[in-house]
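What follows is the residue order along each chain.
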Amino acid sequence: MSDNQSWNSSGSEEDMEPREDPGHHVGIADLSGVLSKWTNYIHGWQDRWVVLKNNTLSYYKSQDETEYGCRGSLCLSKAVITPHEFDECRLDISVNDSVWYLRAQDPDHRHQWIDSIELHRADSGYGSESSLRRHGSMLSLTSATSGYSATSTSSFKKGHSLREKLAEMETFRDILCRQVDTLQKYFDGCADAVCKDELQRDKIMEDDEDDFPNTRTDGEFLHNNNNGSKEKLFQSLSPKGINGIDFKGEAITFKATTAGILATLSHCIDLMVKREDSWQKRLDKEMEKRRRIEDGYKSALNDLKKKSHFGGPDYEEGPNSLINEDEFFDAVEAALDRQDKIEEQSQTEKTRIQRSSPLPSGDAYSTAGAHRFSDKVEEMVQNHMTYSLQDVGGDANWQLVVEEGEMKVYRREVEENGIVLDPLKATHSVKGVTGHEVCHYFWDTTYRNDWETTIENFNVVETLSDSAVIIYQTHKRVWPASQRDVLYLSAMRKITATNENDPDTWLVCNFSVDHDEAQPSSRCVRAKINIAMICQTLVSPPEGDKEISRDNILCKITYVANVNPGGWAPASVLRAVAKREYPKFLKRFTSYVQEKTTGKPILF
């Protein structure tokens, strides 16, 4: 049996032998309970019933549905459990390209789950020292032995002088074996001679008792004295007396052979020491090469995981989001494009639906009404009439960002604590409609879903008067941005003219308020708004005695918006979205008003 074989055999027998490990856990307890699991970017975190049993993690929609089978499971043998760096309640469990994002109720609860999962993994034979002894010893020993053999062989082939010295060692070994055989024969002969002499000595003692000289066959006499007996006894043990072997010469030869072996071994050691530096350099190169390969593998694996789990909770809007601004903008733009296509298909059906709502008398819009927000509404109306109608064309603080025909959009960049608060102002002129009509369709919630494409749902929380309501609405989520909601008071006013030359002016102002029936929730980021739609009707005299038609009227619209979006969306993304969406909104809404008023009596 070769050395390698003997090592492998002994190693496998030792490793495969069952042992009692005092650190080994027997009878690991199962664990079950409610954890929040990340489903997708639409539904976010959802509570699930999670069960840890037999080294397997399974989840159910609820505890009552466990008898119908699990919705998913992971084998924990090769799972990687990662506590989140920032969220103290979260843990991520990944197996290959499958990742579960879980959140516990509190940090202690998370710690309990992580400990239980690790105990199950250790009990299954993975991730523990006992498992390394059971599964790794024979493989590592065989690999090490084969590695040494391969290295040594390749090195010897390159070393010519070392190969010659090894051949000399083979020759010395053969000589030494022959010398050992010769010496063994000599020792055997000595042993036989000693036995014969003992027999002869016994015979001499018998003859001495008779006090007669005895004659041996070789003609020599044995006298009765001890000295004479010893001389005759060892005459046969001369240096060449047994089988003609020269003991002294063999000893000298043996000494010379061993000296040659020692000299050759010394020479081999010198050669190996000289080559140690080159071997070390080769090893360093191989280690560096391996490190680069491992780094490349880890990088590729991280990129793959990033692409595979791009929709995970780490890539949505947040203070520790892993998505950069360019990726954030691309994702938002793609989502907005999809929403636009859906709206284009459904817009035709919306405009065909005939809706109507009773119009209060003009006097209902002349005052703020009597309710708890009356003073606030009056303040907002006066501020907008004072500041919003001012011309911004010559103001260096306002930047013209969009100009399409009669429509111009201006922006003034303002940031507070990293949040974009850019005031926006747009002017537009629309033919064939009055300011009253434009404000009516903008304020009345009956028509809201016909022209507003960003709202997911809304409801009137409280009706304050015929011209003022409190509205709560949630906007469609545009991943990776968080979903937004807004609670605001919407009031519609007719501005009384101070002189007969002033145009007929209507205004709708929307500003954020608080209400007990619409408290902020963790599901949405609460945005704050202060928006005004100011519409002035300009009438050109008709020709002759003709009545005023829609060809004679023009509505000049001034739209101002101050929005605090909240959250952590990048500033560049918010500005790009505003630049894209506000002009589209104005064109879409004014076109809708023109379509709804076509063929109807003019509403001044």
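For the structure itself, consult the block above.
Described below are features of the structure shown in this document. As the structure is a prediction and not an experimental result, all values here were calculated from the model.

So, the pairing of strand S5 (residues 80-83)
Okay, so step 1: In this sheet, strand S6 (residues 90-95) lies alongside S5 in antiparallel orientation, the contact comprising 4 bridges. Directly across from Ile81, in S6, lies its bridge partner Ile93.
Okay, so step 2: Where S5 folds back on S6, the antiparallel hairpin that results is connected by 6 residues.

Remarks on the pattern of salt bridges
Okay, so step 1: All chains considered together, the criterion is met by 23 salt bridges.
Okay, so step 2: The partner of Glu288 in a salt bridge is Arg292, and the shortest N-O contact between them spans 3.6 Å. Pair noted here: Glu288 and Arg292 are both in helix H6 (residues 247-308), with a separation of 4 residues, about one helical turn.
Okay, so step 3: Between Arg290 and Glu294 there is a salt bridge, and its shortest N-O distance comes to 3.2 Å. Pair noted here: Arg290 and Glu294 are both in helix H6, with a separation of 4 residues, about one helical turn.
Okay, so step 4: Through salt bridges with shared partners, one network takes in Glu333, Asp337, Arg580, Glu581 and Lys584.

Let's talk about empty space enclosed by the protein
Okay, so step 1: Counting across every chain of the model gives 1 cavity of 30 Å³ or more.
Okay, so step 2: Computed from the structure, the largest cavity encloses a volume of approximately 1,300 Å³.
Okay, so step 3: Thr454, His475, Val563, Val577 and Tyr582 are, among the 46 residues lining the largest cavity, the residues nearest its centre.
Okay, so step 4: Broken down by secondary-structure element, the contributors of at least two residues to the lining of the largest cavity are helix H7 (325-352), helix H10 (448-451), strand S16 (468-475), strand S17 (484-495), strand S20 (528-539), strand S21 (553-564) and helix H11 (571-597).
Okay, so step 5: The biggest single contributor to the lining of the largest cavity is H11, with 9 residues.

Some remarks on helix H9 (residues 435-443)
Okay, so step 1: Of all the 9 residues making up H9, 9 are buried; the element is thus mostly covered by neighbouring parts of the structure.
Okay, so step 2: All buried positions along H9 are accounted for by Gly435, His436, Glu437, Val438, Cys439, His440, Tyr441, Phe442 and Trp443.

A short note on the layout of surface pockets
Okay, so step 1: Estimates place the volume of the largest pocket at around 1,100 Å³.
Okay, so step 2: What lines the largest pocket is a set of 36 residues, among which Trp38, Gly44, Glu316, Arg477 and Ser482 lie closest to the centre.
Okay, so step 3: Broken down by secondary-structure element, the contributors of at least two residues to the lining of the largest pocket are strand S2 (45-53) and H7.
Okay, so step 4: Here the lining of the largest pocket gets 4 residues from one element, more than from any other, and that element is H7.

Quick look at the nonpolar core
Okay, so step 1: Counting residues in each nonpolar core, the largest one holds 36 residues, and the members touching the most others are Val438, Phe442, Met533, Tyr559, Phe585 and Phe589.
Okay, so step 2: Beyond its immediate sequence surroundings of up to four residues, Phe585 is in contact with Phe442, Trp451, Met533 and Tyr559.

Looking at the packing of aromatic side chains
Okay, so step 1: Across all of its chains, the model carries 11 aromatic pairs by this definition.
Okay, so step 2: Ring geometry for Tyr441 versus Tyr592: centroids 5.9 Å apart, planes at 90 degrees, classification edge-to-face. Taken together, the residues span a long stretch of sequence, with Tyr441 in helix H9 and Tyr592 in helix H11 at a distance of 151 residues.
Okay, so step 3: The exposure class assigned to Tyr592 is buried, which follows from its relative accessible area of 2%.
Okay, so step 4: Here the aromatic rings of Phe442 and Trp451 are separated by 5.7 Å at their centres, their planes lie at 25 degrees, and the arrangement is stacked.
Okay, so step 5: A relative accessible area of 6% means that Phe442 is categorised as buried.
Okay, so step 6: Judged by its relative accessible area of 2%, Trp451 falls in the buried class.
Okay, so step 7: Site record: aromatic cluster; members linked through ring pairs are Phe442, Trp451, Tyr559, Tyr582, Phe585 and Phe589.
Okay, so step 8: Here the guanidinium or amino end of Lys37 rests over the ring plane of Trp100, the centre of that ring lying 5.5 Å away.
Okay, so step 9: Seen from the ring of Trp45, Arg103 lies directly overhead, with NZ or CZ sitting 5.8 Å from the centre.

Remarks on the environment of Met380
Okay, so step 1: Examined against the element boundaries, Met380 turns out to sit in helix H8 (residues 374-388).
Okay, so step 2: Separated by 151 residues in sequence, Met380 and Ile531 have C-alpha atoms that sit 9.8 Å apart.

Concerning the sheet that holds strand S1 (residues 31-38)
Okay, so step 1: Ordered by their spatial adjacency, 7 strands build an open sheet running S4-S3-S2-S1-S7-S6-S5, and the pairing between neighbours is antiparallel. Edge positions in the sheet fall to strand S4 (72-75) and S5, since each has one partner strand and no second. Strand-to-strand, the axes of this sheet are offset by a mean angle of 35 degrees, without reference to chain direction.
Okay, so step 2: Two strands pair when backbone bridges link them, and S2 and strand S3 (residues 56-60) are joined in this way by 5 bridges, in the antiparallel orientation. By the bridge assignment, Lys53 is partnered in S3 with Thr56.

Examining unusual backbone geometry
Okay, so step 1: Residue Asn54 is not a glycine yet carries a positive backbone phi of 55 degrees.
Okay, so step 2: Structurally, Asn54 is set in the loop between S2 and S3.
Okay, so step 3: What makes Asn54 exposed here is its relative accessible area of 61%.
Okay, so step 4: In this structure, Asn55 takes a positive phi of about 65 degrees despite not being glycine.
Okay, so step 5: Inspection of the secondary structure assignment puts Asn55 in the loop between S2 and S3.
Okay, so step 6: Judged by its relative accessible area of 8%, Asn55 falls in the buried class.

Description of helix H2 (residues 107-123)
The α-helix winds at 3.6 residues per turn, so residues separated by three or four positions along the chain end up facing the same way.
Okay, so step 1: Counted at 1.5 Å a residue, the expected span for H2 with its 17 residues is 24 Å, and the 24 Å between its end C-alpha atoms agrees.
Okay, so step 2: Looking at H2, one finds that the buried residues are His109, Arg110, Trp113, Ile114, Ser116, Ile117, His120 and Arg121. Here the buried residues of H2 occupy an arc of 165 degrees about the axis, which is enough to place them on one side.
Okay, so step 3: If you follow the buried residues of H2, they end up packed against S1, S2, S3, S5 and S6.
Okay, so step 4: N-capping of H2 is provided by Asp106, with a side-chain oxygen placed 3.2 Å from the backbone N of Asp108.

About the cut-offs
- Residues numbered from 1 in each chain as written.
- Predicted model: local features only at pLDDT ≥ 70, side-chain atom pairs only at ≥ 80, totals over all residues.
- Heavy atoms only, no water.
- Pairing = 2+ DSSP bridges.
- Helix = DSSP H or I, 4+ residues; strand = E, 2+ residues; numbered from the N terminus.
- Salt bridge = Lys/Arg side-chain N within 4 Å of Asp/Glu carboxyl O.
- 1 Å grid on protein atoms, 1.4 Å probe; cavity = no way out; pocket = protein on both sides within 12 Å on 5 of 7 lines; lining within 4 Å.
- Points joined across faces, edges and corners; volume = space filled by probe spheres on them.
- Buried < 20%, exposed > 50% of the residue type's maximum accessible area, 1.4 Å probe, protein only.
- Core = buried A, V, L, I, M, F, W, Y, C linked by side-chain atoms within 4.5 Å.
- Contact = heavy atoms within 4.5 Å.
- Phe/Tyr/Trp six-rings, centres within 6.5 Å; stacked < 30°, edge-to-face > 60°.
- Lys NZ or Arg CZ within 6 Å of the ring centre and 35° of its normal.
- Axes fitted to C-alpha atoms, helices over the stretch in contact; angles between N-to-C directions.
- Expected span 1.5 Å × (residues − 1).
- Arc of directions from axis to C-beta.
- Polar contact = N/O pair within 3.5 Å; in protein donor to acceptor, adjacent residues only side chain to side chain.

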